[in-house]
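For reference, the chains in residue letters:
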Amino acid sequence: MDFILQGLTEAFRLLLAGDEETFSAVAATLKVSCLSMAASLALGLPLGFLLGYLRFPGRRKIRMVVDTLLSLPTVFIGLMVYAFVSSRGPLGEMNLLFTLPGIAIGQTILALPIVIALSATAVESLEAGLRTTLLSLGAGKYRLMTGIMWEARHAILAAALTAYGRVMTEVGISMMVGGNIKWHTRTITTAIALETAKGKFAMGIALGLVLLMIAFAVNAGVSFLRRK
Amino acid sequence: MSLYRLENIEQRYGGKTVLSIPDWSVAEGTITGLCGPNGSGKSTLLRLLGFTDSPARGRIFFRDRATDIYAGNLRKKATLLPQESYLLKRTVYRNIAYGLRIRGEKKNQRQRVAQALSLVGLDAESFAERPWYALSGGEARRAAMAARLVLNPEVLLLDEPTAGVDAQSAQMMKQAAADAHFKNGVTLVIASHDLQWLEDICTDIFYMFDGKLLGKGTRTFIFGPWEKTGDNGALCRLADGQVFLAENAPKDPAGAAAAIEPEELSLHLEKQDIPPEKTAVKGILVRLALEKHSGRLRASISAGHTEFIVYPDPKSIHRKGFLPGSPVWLAYTPQKVKWFGKERRP
């Protein structure tokens, strides 16, 4: 029990002292998660809208595939991205292996099904009268889409939050594609895994606290947006 | 020139034809009423007229121009107030200003919204900044109406505007619709079960049944269920146990509708006054009213919850002393009953 309490005390000391190694992992995590979330929202929201709004042959099959991808193991994504971006892979020339953009690609693949599936559900669950209302007030195709997404904004924010939580806390992709390189591609989660293996609980706990604080800040932001 | 002209229109949902109109038009500057039972196609027709749905087959012309639902300019001329009025998840002000923002009409937006709210009896100061969830059902319906009125449309399509709202809200909705037409010349198409209101306000009333327009004018529809009697006849049991008889019935009349023209009904105070070749049902004279657009005296007789319309001779009404509340006999000839519906006898 003592080593946990000591770890907590040491963790606060590291954070308050602005420990460079700790903050390097925090910066890498924020950078890579922001990149992957931007990409997954840019791709996932329009696709989720189309999947939730349109009725077309094969829609249910696509939905089933997207739902299945929700449980993609991160190590499998890591493995696939590694295979693609390693020097022997089709994207090897882009030198993405052991880089933050490489991790972001993997995390985008992780977040994309979550954004698509949850935003499609959000659009599906809107009342049938919304489309007629927007059209009857003069909305065209673009306004119709933005109007529907705006009406589903709370559920879409929840979808983004869920995806962000998954991206922030994954280890497999960051470890396999990033390689956990100190000062370079070491993220909070890979650092926690490494420091714990080395028996350095303080840094692990400090990084865990930072993860919690980031999650709290994101939730507070979303809560503020919901009230708007 | 017709404002709307519909050619061979069909609408299908889930493979089932829910609307079939070979030819129909609406004249500019009129008030057209649509009535008929639930599921008769009134809302489907209004959605087509409001350009919020495309027909599965056929063409809709607006001022002789073929239409397409995403042709923005057309949809800005006509606006539909759906039966289930949906308020966007924002304040009342932003709900009402939404259509103006789409049209880029930013000038005097606040005054226009306040004016539209006042047209439906809502005070802008206390309602404009309320969120969508802080309104009662009647207030929400009136706010939705204001969101249409603020657009100054050429055509206002109202789907059951007074259904499910309190008496005050219903009165406000009726007044706002009348003002839009009589003060601003807006063409109105109204679907409603409030036959008395439709008869008071409409230029033309069309009856709908089973996705078809059954024709213009005031007539009494008996929507059944009908039971077959003998080879050719059918009967409908009215709510008070009386039977209404009709001849020339379809092979399977159960889901069909029958109608009788006002001219085929005669009104009698005593049963012995009824000519022997006629059949009769007993009812109560519930209303005597002047029909505004035709200038005729219209009598409404309730028999087993079915309201029959008759145009009696005013002199005989006066002479014989018919008064609302009087028990009366309605005489008719079963052969004169017309059939509408899915199947007709060839």
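These figures come from a predicted structure and were not determined experimentally.

## A few points about the side chain of arginine 219 of chain B
All names here are of chain B.
And step 1. Secondary-structure assignment places arginine 219 in the loop between β10 (212-216) and β11 (220-222).
And step 2. Take arginine 219: its relative accessible area is 11%, and that puts it in the buried class.
And step 3. Side-chain polar atoms of arginine 219 contact the side chain of glutamate 261, separated by 2.9 Å.
And step 4. Dropping the residues within four chain positions of it, arginine 219 is found in contact with Tyr207, Leu214, Ala259, Ile260, Glu261, Pro262 and Phe340.

## Some remarks on the pairing of strand β12 (residues 226-229) of chain B
And step 1. The pairing of β12 of chain B with strand β13 (residues 233-237) of chain B spans 4 bridges and is classified as antiparallel. In the strand pairing of β13 of chain B, tryptophan 226 of chain B is matched with cysteine 236 of chain B.

## Digging into the domain arrangement of chain B
Residues and elements named next belong to chain B.
And step 1. Assigned domains of chain B: these are domain 1 (2-215) and domain 2 (219-340).
And step 2. Inter-centroid distance (C-alpha atoms) of domain 1 to domain 2 is 33 Å.
And step 3. The interface is formed by 10 residues belonging to domain 1 together with 12 residues belonging to domain 2.
And step 4. With both sides pooled, the region where domain 1 packs onto domain 2 buries about 1,100 Å², and carbon together with sulfur makes up 59% of that total.
And step 5. Considering only the side of domain 1, the residues that lose the most area to domain 2 are Glu199, Phe209 and Leu214, jointly responsible for 47% of the buried surface there.
And step 6. Our count for the domain 1 to domain 2 interface comes out at 1 salt bridge.
And step 7. Close ionic contact of glutamate 199 with arginine 298 constitutes a salt bridge, the shortest N to O distance being 3.1 Å.
And step 8. At the junction of domain 1 with domain 2, the criterion picks out 4 residue pairs in polar contact (both at pLDDT 80 or more).
And step 9. Every element with two or more residues in the side of domain 1 that touches domain 2 is listed here: α8 (195-201), β9 (204-209) and β10.

## Topic: the sheet that holds β11 of chain B
One key point about sheets: their strands pair by backbone hydrogen bonds, in either a parallel or an antiparallel sense.
Residues and elements named next belong to chain B.
And step 1. One open sheet accounts for 3 strands, arranged β11-β15-β21; its pairing is antiparallel. Lying at the two open borders of the sheet, with one neighbouring strand each, are β11 and β21 (338-340). Looking at each pair of strands side by side, their axes are set apart by 30° on average, direction ignored.
And step 2. Alignment of β11 against strand β15 (residues 257-260), held across 3 bridges, turns out to be antiparallel. Counterpart to phenylalanine 221 in the pairing with β15 is alanine 259.

## Examining the sheet that holds strand β7 (residues 155-159) of chain B
Residues and elements named next belong to chain B.
And step 1. An order of β6-β7-β8-β3-β9-β10 is seen for the 6 strands of this open sheet, with the pairing classed as mixed. Of all the strands in the sheet, the pair left with one neighbour each is β6 (78-81) and β10. Going from strand to strand, the sheet's axes swing by 20° on average, the running direction of each strand aside.
And step 2. Relative to β7, β6 runs parallel, the two sharing 4 bridges.

## Notes on the pattern of salt bridges
Residue and element names in this part refer to chain A.
And step 1. Applying the stated criterion across every chain, the model contains 30 salt bridges over all chains.
And step 2. Linking glutamate 124 and arginine 59 is a salt bridge whose minimum nitrogen-to-oxygen distance equals 2.3 Å. Taken together, the residues span a long stretch of sequence, with glutamate 124 in helix α5 (residues 100-124) and arginine 59 in helix α3 (residues 59-69) at a distance of 65 residues.
And step 3. Given the relative accessible area of 33%, glutamate 124 is considered partly exposed.
And step 4. Residue classification places arginine 59 among the buried residues on the basis of a relative accessible area of 12%.
And step 5. In this structure, glutamate 124 and arginine 63 form a salt bridge, with 3.1 Å as the shortest nitrogen-oxygen distance. With glutamate 124 in helix α5 and arginine 63 in helix α3, this pair connects stretches of sequence that are 61 residues apart.
And step 6. Residue class for arginine 63 comes out buried when judged on its relative accessible area of 15%.
And step 7. Connected via shared salt-bridge partners are Arg59, Arg63, Asp67 and Glu124.

## Some thoughts on the packing of helix α2 (residues 20-53) of chain A against α5 of chain A
And step 1. At a minimum axis separation of 6 Å, α2 of chain A and α5 of chain A run at an interaxial angle of 35°. For α2 of chain A against α5 of chain A, the interelement crossing comes out right-handed.

## What to know about α3 of chain A
Residue and element names in this part refer to chain A.
And step 1. Listed in full, the buried residues belonging to α3 are Arg59, Arg63 and Val66. Take α3 and look down its axis: the buried residues cluster within an arc of 65°, on one side only. Opposite the buried face of α3, by more than 90 degrees, sit the exposed residues Lys61, Met64 and Thr68.
And step 2. Of the surrounding secondary structure, the elements contacted by the buried residues of α3 are α2 and α5.

Cut-offs applied
- Residues numbered from 1 in each chain as written.
- Chains lettered and ligands numbered in written order.
- Predicted model: local features only at pLDDT ≥ 70, side-chain atom pairs only at ≥ 80, totals over all residues.
- Heavy atoms only, no water.
- Helix = DSSP H or I, 4+ residues; strand = E, 2+ residues; numbered from the N terminus.
- Buried < 20%, exposed > 50% of the residue type's maximum accessible area, 1.4 Å probe, protein only.
- Polar contact = N/O pair within 3.5 Å; in protein donor to acceptor, adjacent residues only side chain to side chain.
- Contact = heavy atoms within 4.5 Å.
- Pairing = 2+ DSSP bridges.
- Domains from an automatic or database assignment.
- Buried area = accessible area lost by both parts, 1.4 Å probe.
- Salt bridge = Lys/Arg side-chain N within 4 Å of Asp/Glu carboxyl O.
- Axes fitted to C-alpha atoms, helices over the stretch in contact; angles between N-to-C directions.
- Left-handed = near helix turned anticlockwise from the far one by under 90°.
- Arc of directions from axis to C-beta.

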